[in-house]
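# Examining the three-dimensional arrangement
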Amino acid sequence: METSYARPQSPPAATLGMTLAELVRVQCSSWALEDQLEAHADACLAMQINAEPASACGTYIRGRVVAYVFSLGPRFQERLVARPAALTVASLAAIVGISLALGFYNYDFLYGAHADEPMKVALVVDKPHNYFHPPLLIVLARLVAWFGSASSDLERLWAGRFVSVMAMAAGSALFYLVLKRYADSLQAFIWSCVFATSPAIAVHAHFFKEDALLVFAICLGLHALARLAERMDLRNLVYFGIALGLAPSAKYVGLLNSVGLFAFALWHCRPGTRGAAIVVVSALATMLAVLLASLASESGTGLGDVLAGLARELKHAEDGHDLKEWFWAGYGLTHLRHHLLAGITAMTFLIGLGAICLALARDRNRQVAAFAAGALIWLFLLELSPLKIVGQMRYVLPVVIYFLLAAGIASSCSVASRSRAGAMALALVALTVTAHAGISYVRNMNPSRDTRTKAVEFLTASGTVNFVSDYPIGYPVAQTWDYRTLASHDYLLSLRFERYLRGGELRRQDAQVYALASMYHCLNGYVVATFSQLYGDYGFVAPTVKIYDLKRGASCIPPAWPASGW
């Protein structure tokens, strides 16, 4: 007697088609993943027994795997949300770790390639402070050098750069602590990573310069303001005052930020006369403490030197460099076009701007409006000053802070409220693009990849010794700021040719700018070699270098130079 078996019916084609797409969507919002997939596993087994095509079973298996992987995110997030302290600590550890990793990556960037670093090193060891910049950076660098028993210029340089790296890492952590107050945890983490990995932050963490401390001080002030808005007590008032005092102690322009935050606190937090007095006294005491620490750690300086240095810096901000871009003369938006877009990438700028516009136009989000206004005010004030050099991105660092805070809040509150998946996708795109750019710029800070290194190697390999550079390059070669001496050299290694070619197209410049623009236009016919990088020309990172043959191009050098402007 034969036993007959009923052939199991295969699931409908529609079920097979929805396994990978709809199943994933369903499972991401349900913890019954294993139960629902069990039925599909039985169907898969039946198809194998009855010699169904292997591809159908493979579809089920892939559906199970992908759905399970997608379900891990909500599971992990739900567990962390139940433990907010653990989430904050984990996020801070990741953000600080990323910032430190980028900051110490190529920590041995060419010494001297940044024109201000040799002066900072001299101030650390024994040279009296000229107070062209506030003293906080030098005070901290002297402290680190003392703890590390620094005995050489290179070790003092490491001490100064260490301060910058730690300041940027601390600034990134404070950025997250501010953002998480107004955005959900995941969006706050992603946009904080955007901030930490952006070229603006990652690159400027490498320089012995005041910019990293300014970023830290601004983020500290915003964090203190957020705490003050949550609770008005003595501790938060003093904390806010200390943060306001640190900003101008880090960089003179930080005073603008402190004044703005203080005015906002008076309007929004309403601390009263007593509270405002506590803030002002705390700020002044902080500035005085930094100044006294600076004066106590050196000899031969006094209050007169401080006032002279401050006056000189104010005059510098008013007059600009040898190349001047006057906002009202029809230029404008130099920082936006050349510095902000490069500092956070054009893609991240567009994503952030779109989210901000949505939050303002549709949701009237006050937090987004406040931070966006801060970015706009900073950008406007920076554009007003002629103190602009294309390629020097450090000026827009305050704009980066406020803009990315506004973008992160807008993404969480306005974009995510309409589509969590869309907000997540846009945030991840911004992070991917920005991190790629930031890492690429930092990678090109390796001395072996540097365009200046390749230019010097090119000249020395050909036996050329009589050449001069028109900007410090981090190597012991002849260097001059005075182009009137070019006739005595055979070759010019130039980093400033773009500066003057651009200056020749601008109005109201010194006569020497137009003379140099004409010279470089002529020398373009005598270029021996050009060295450039894809991720270069950003804040002293791999600038484009051209080598000009001055012997063949001798006729390009003006026989008589303008008397002024040198």
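A few points on the structure. (Residues numbered from 1 in each chain as written. Predicted model: local features only at pLDDT ≥ 70, side-chain atom pairs only at ≥ 80, totals over all residues. Heavy atoms only, no water.)

### Section: the state of the cysteines
Any covalent bond linking the sulfur atoms of two cysteines counts as a disulfide. Filter applied, for reference: We call a pair of cysteine sulfur atoms a disulfide whenever their separation is within 2.5 Å. Helix and strand assignments come from DSSP, with helices taken as H or I runs of at least 4 residues and strands as E runs of at least 2, each series counted from the N terminus.
Tallied over the entire structure, the rule returns one disulfide. Each disulfide pairs two cysteine sulfurs, and for cysteine 522 the partner residue is cysteine 556, the sulfurs being separated by 1.9 Å. Handedness of the cysteine 522-cysteine 556 disulfide follows from its S-S torsion of about -60°: it is left-handed. With a gap of 34 residues between them, cysteine 522 in helix α23 (residues 511-523) and cysteine 556 in the segment after β4 (545-549) connect regions that are remote in the sequence.

### Some words on the packing of aromatic side chains
Each aromatic ring pair is summarised here by two numbers: the centre-to-centre distance and the angle between the ring planes. To keep things clear, this is the line we draw: For Phe, Tyr and Trp, where Trp contributes only its six-membered ring, two rings pair if their centres lie within 6.5 Å, and the inter-plane angle classes them as stacked under 30 degrees, edge-to-face over 60, or tilted in between. Think of it in three bands: with a 1.4 Å probe and only protein chains considered, a residue is buried below 20% of the maximum accessible area for its type, exposed above 50%, and partly exposed in between.
Counted according to the given criterion, the structure contains 21 aromatic pairs. Relative to phenylalanine 403, the ring of phenylalanine 349 lies with its centre 5.2 Å away and its plane at 20°, an arrangement referred to as stacked. Here phenylalanine 403 lies in helix α19 (residues 397-418) and phenylalanine 349 lies in helix α17 (residues 346-363), a separation of 54 residues in the sequence. Judged by relative accessible area, phenylalanine 349 falls into the buried class, the value being 14%. By relative accessible area, which is 6% here, phenylalanine 403 ends up buried. Ring plane angle 5° and centroid distance 6.5 Å describe the contact between tyrosine 500 and tyrosine 520, whose orientation is recorded as stacked.

### Details of the nonpolar core
The cut-off we apply is this: Think of a nonpolar core as a cluster: buried Ala, Val, Leu, Ile, Met, Phe, Trp, Tyr and Cys residues, connected wherever their side-chain atoms sit within 4.5 Å. In this analysis, two residues are considered to be in contact whenever any of their non-hydrogen atoms come within 4.5 Å of each other.
Formed by 126 residues in total, the largest nonpolar core has its most connected members in Trp191, Phe195, Leu222, Phe240, Ile401, Leu404 and Leu493. Per element, the largest residue contribution to this core is 14 residues, and it comes from α19. For leucine 404, the residues in contact, after removing those within four places along its chain, are Phe175, Trp191, Val194, Phe195, Ile344 and Thr348. Of all hydrophobic cores here, the second largest spans 20 residues; its members include Leu486, Leu492, Met519 and Trp561.

### Some details on the environment of alanine 296
Among the structural elements, alanine 296 can be located in helix α14 (residues 272-296). Given a relative accessible area of 66%, alanine 296 falls into the exposed group. Distance in space between the C-alpha atoms of alanine 296 and valine 139 is 9.8 Å, their sequence separation being 157 residues.

### A look at the pattern of salt bridges
Note the following rule: A pairing counts as a salt bridge when a side-chain nitrogen of Lys or Arg comes within 4 Å of a carboxyl oxygen of Asp or Glu.
On inspection of all chains with the given rule, the structure shows 14 salt bridges. Here glutamate 313 and arginine 312 are joined by a salt bridge, their closest N and O atoms 3.3 Å apart. Given the relative accessible area of 16%, glutamate 313 is considered buried. Relative accessible area serves as the criterion here: at 36%, arginine 312 is assigned to the partly exposed category. In this structure, aspartate 549 engages arginine 552 in a salt bridge whose closest nitrogen and oxygen atoms are separated by 3.1 Å. Assessed through its relative accessible area of 6%, aspartate 549 is described here as buried. Through salt bridges with shared partners, one network takes in Asp116, Lys120, Lys209 and Glu210.

### Focus on the pairing of strand β2 (residues 491-494)
Operational definition: By the convention used here, strands pair only if DSSP detects at least 2 bridges between them.
Going residue by residue along β2, you find Tyr491 and Leu493 tucked away on one face and Leu492 and Ser494 tucked away on the opposite face as well. Where strand β1 (residues 467-469) lies against β2, three bridges are found, and the strand directions are parallel. Considered in β2, the bridge of serine 469 is made with leucine 493. Two strands pair when backbone bridges link them, and β2 and β4 are joined in this way by four bridges, in the antiparallel orientation. Looking at β4, one finds that tyrosine 491 is bridged to aspartate 549.

### Section: helix α8 (residues 153-179)
Since the α-helix turns once every 3.6 residues, residues separated by three or four places project in the same direction. Short version of the rule: What a helix should span is 1.5 Å times the count of its residues minus one.
An ideal rise of 1.5 Å per residue puts 39 Å on 27 residues; α8 measures up with 39 Å between its terminal C-alpha atoms. With 20 of its 27 residues buried, α8 lies for the most part within the structure.

### Observations concerning the side chain of serine 249
The condition that has to hold: Polar contacts here mean pairs of N or O atoms no more than 3.5 Å apart (in protein, one a potential hydrogen donor and the other a potential acceptor; neighbouring residues in sequence count only if both atoms are side-chain atoms).
Within the secondary structure, serine 249 is located in helix α12 (residues 234-250). Within the structure, serine 249 has its side chain in polar contact with the backbone oxygen of glycine 245 (distance 2.9 Å). Not counting residues within four places of it along the chain, the set of residues in contact with serine 249 comprises Pro134, Pro135, Leu136, Met287 and Val290.

### Quick word on the pairing of β4
Most of β4 is tucked away: five of the five residues are buried. Alternating positions in β4 separate into two faces, Val545, Ile547 and Asp549 on one and Lys546 and Tyr548 on the other, with burial throughout. Where strand β3 (residues 527-531) and β4 come together, four bridges link them in antiparallel fashion. Looking across to β4, one finds that threonine 530 is bridged to lysine 546.

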